[in-house]
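Listed below, chain by chain, are the residues.
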Amino acid sequence: MSNTKVGIIMGSNSDLPVMQAAVDILKQFDIAFEIDIVSAHRTPEKMFDYAKNAHGRGLQVIIAGAGGAAHLPGMVASLTPLPVIGVPVKSSNSIDGWDSLLSIVQMPNGVPVATVAVNAAQNAGILAAQIIGCSDKKILDKMIAFKQGLKEKVIKASDDMKK
């Protein structure tokens, strides 16, 4: 079994500029990841294989980004026992990202997909780190420091504004 903990997948290489934010966060937390293009519509066999075998390869969380009809996160969630975080991508064929958001968030009971805001892959990376932090003290400690850093940035911005 590998040490890779998070799978980042997207329906098209045009989603990479958005999904890069998840990559950056996972690197910041020193969380091993893999990244691939897995289209629910153009490569369904690859999607089935990826989702069915992800837990056996040691993954703990899957982040799936998709635009337009955005079936990738939900279909992957239907095939894997792992938590799936969906990133709705505002793509060229999207209706301001609303179609993607609703396609991902409106899952039937029994097939949850944790869904972040449109183009919010950074939050998907943070959520993946939080999930892993539940069983990995090193990651948990980094998350505590990250949250403290957010607090300090706001306090500094407030102090600077008052000057």
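Now for a description of the structure that goes with this document. (Residues numbered from 1 in each chain as written. Predicted model: local features only at pLDDT ≥ 70, side-chain atom pairs only at ≥ 80, totals over all residues. Heavy atoms only, no water.)

**Here's the deal with the overall build of the protein**
Helix and strand counts for the protein come out as 6 helices and 5 strands. Order of helices (α) and strands (β) in the protein, N terminus to C terminus: β-α-β-α-β-α-β-α-β-α-α. In terms of overall dimensions, the protein is globule-like: its C-alpha atoms have a radius of gyration of 16 Å, near the 15 Å expected for 163 residues. Across its three principal axes, the protein shows a C-alpha extent of roughly 55 × 40 × 30 Å. (Helix = DSSP H or I, 4+ residues; strand = E, 2+ residues; numbered from the N terminus. Rg over C-alpha atoms; globule rule 2.2 N^0.38 Å.)

**A word on the packing of helix α5 (residues 121–133) against helix α6 (residues 137–162)**
At their nearest, the axes of α5 and α6 sit 8 Å apart, and the two run at 135° to each other. One way to sum up the angle between α5 and α6 is to call them oblique. Here α5 runs over α6; the crossing is left-handed. Within the contact between the two elements, α5 uses Ile126, Ala129, Gln130, Ile132 and Gly133 and α6 uses Ile139, Leu140, Met143, Phe146 and Lys147. (Axes fitted to C-alpha atoms, helices over the stretch in contact; angles between N-to-C directions. Parallel < 35°, antiparallel > 145°, perpendicular 65-115°, else oblique. Left-handed = near helix turned anticlockwise from the far one by under 90°. Contact = heavy atoms within 4.5 Å.)

**What about the side chain of Asp99?**
Position of Asp99 among the secondary structure elements: in helix α4 (residues 98–105). Within the structure, Asp99 has its side chain in polar contact with the backbone nitrogen of Ile95 (distance 3.1 Å). If near-sequence neighbours (up to four positions away) are discounted, Asp99 is found in contact with Gly68, Asn93 and Ser94. (Polar contact = N/O pair within 3.5 Å; in protein donor to acceptor, adjacent residues only side chain to side chain.)

**Examining the packing of aromatic side chains**
On inspection of all chains with the given rule, the structure shows 1 aromatic pair. Positioned over the ring face of Tyr50 is Arg57, at 5.1 Å from the centre of the ring. (Phe/Tyr/Trp six-rings, centres within 6.5 Å; stacked < 30°, edge-to-face > 60°. Lys NZ or Arg CZ within 6 Å of the ring centre and 35° of its normal.)

**A closer look at a nonpolar patch on the surface**
A cluster of nonpolar residues, Trp98, Leu102 and Val105, forms a patch on the protein surface that exposes about 310 Å² of accessible area. Locating Val105 in the fold gives a position in helix α4. For Val105, a relative accessible area of 38% puts it in the partly exposed group. (Patch = residues over 30% accessible without salt bridge, like charges linked within 9 Å, V, L, I, M, F, W, Y side chains within 5 Å. Areas by Shrake-Rupley, 256 points an atom, 1.4 Å probe, with all protein chains shown as cover. Salt bridge = Lys/Arg side-chain N within 4 Å of Asp/Glu carboxyl O. Buried < 20%, exposed > 50% of the residue type's maximum accessible area, 1.4 Å probe, protein only.)

**Looking at the nonpolar core**
Counting residues in hydrophobic clusters, the biggest one holds 27 residues, and the most contacted among them are Val6, Ile8, Ile31, Ile63 and Val87. Looking at this core, the elements with two or more residues in it are β1 (6–10), α1 (16–28), β3 (61–67), β4 (84–89), α5 and α6. (Core = buried A, V, L, I, M, F, W, Y, C linked by side-chain atoms within 4.5 Å.)

**Details of the environment of Val118**
As for its placement among the helices and strands, Val118 is situated in the loop between β5 (114–115) and α5. If sequence neighbours within four positions are ignored, Val118 has contacts with Pro88, Lys90, Gly97 and Leu101.

**As for the sheet that holds β4**
Read from one edge of the open sheet, 5 strands run β2-β1-β3-β4-β5, paired in parallel fashion. The open sheet has two free edges, formed respectively by β2 (33–37) and β5, since each of these has just one partner strand. Examined bridge by bridge, β3 and β4 share 6 bridges and lie parallel to one another. Residue pairing in the sheet places Ile62 in a bridge with Val84 of β4. (Pairing = 2+ DSSP bridges.)

**A closer look at the pattern of salt bridges**
What the rule picks out here adds up to 7 salt bridges. Linking Asp30 and Lys142 is a salt bridge whose minimum nitrogen-to-oxygen distance equals 2.7 Å. With Asp30 in the loop between α1 and β2 and Lys142 in helix α6, the pair connects residues that are 112 residues apart, well separated along the chain. Judged by relative accessible area, Asp30 falls into the exposed class, the value being 59%.

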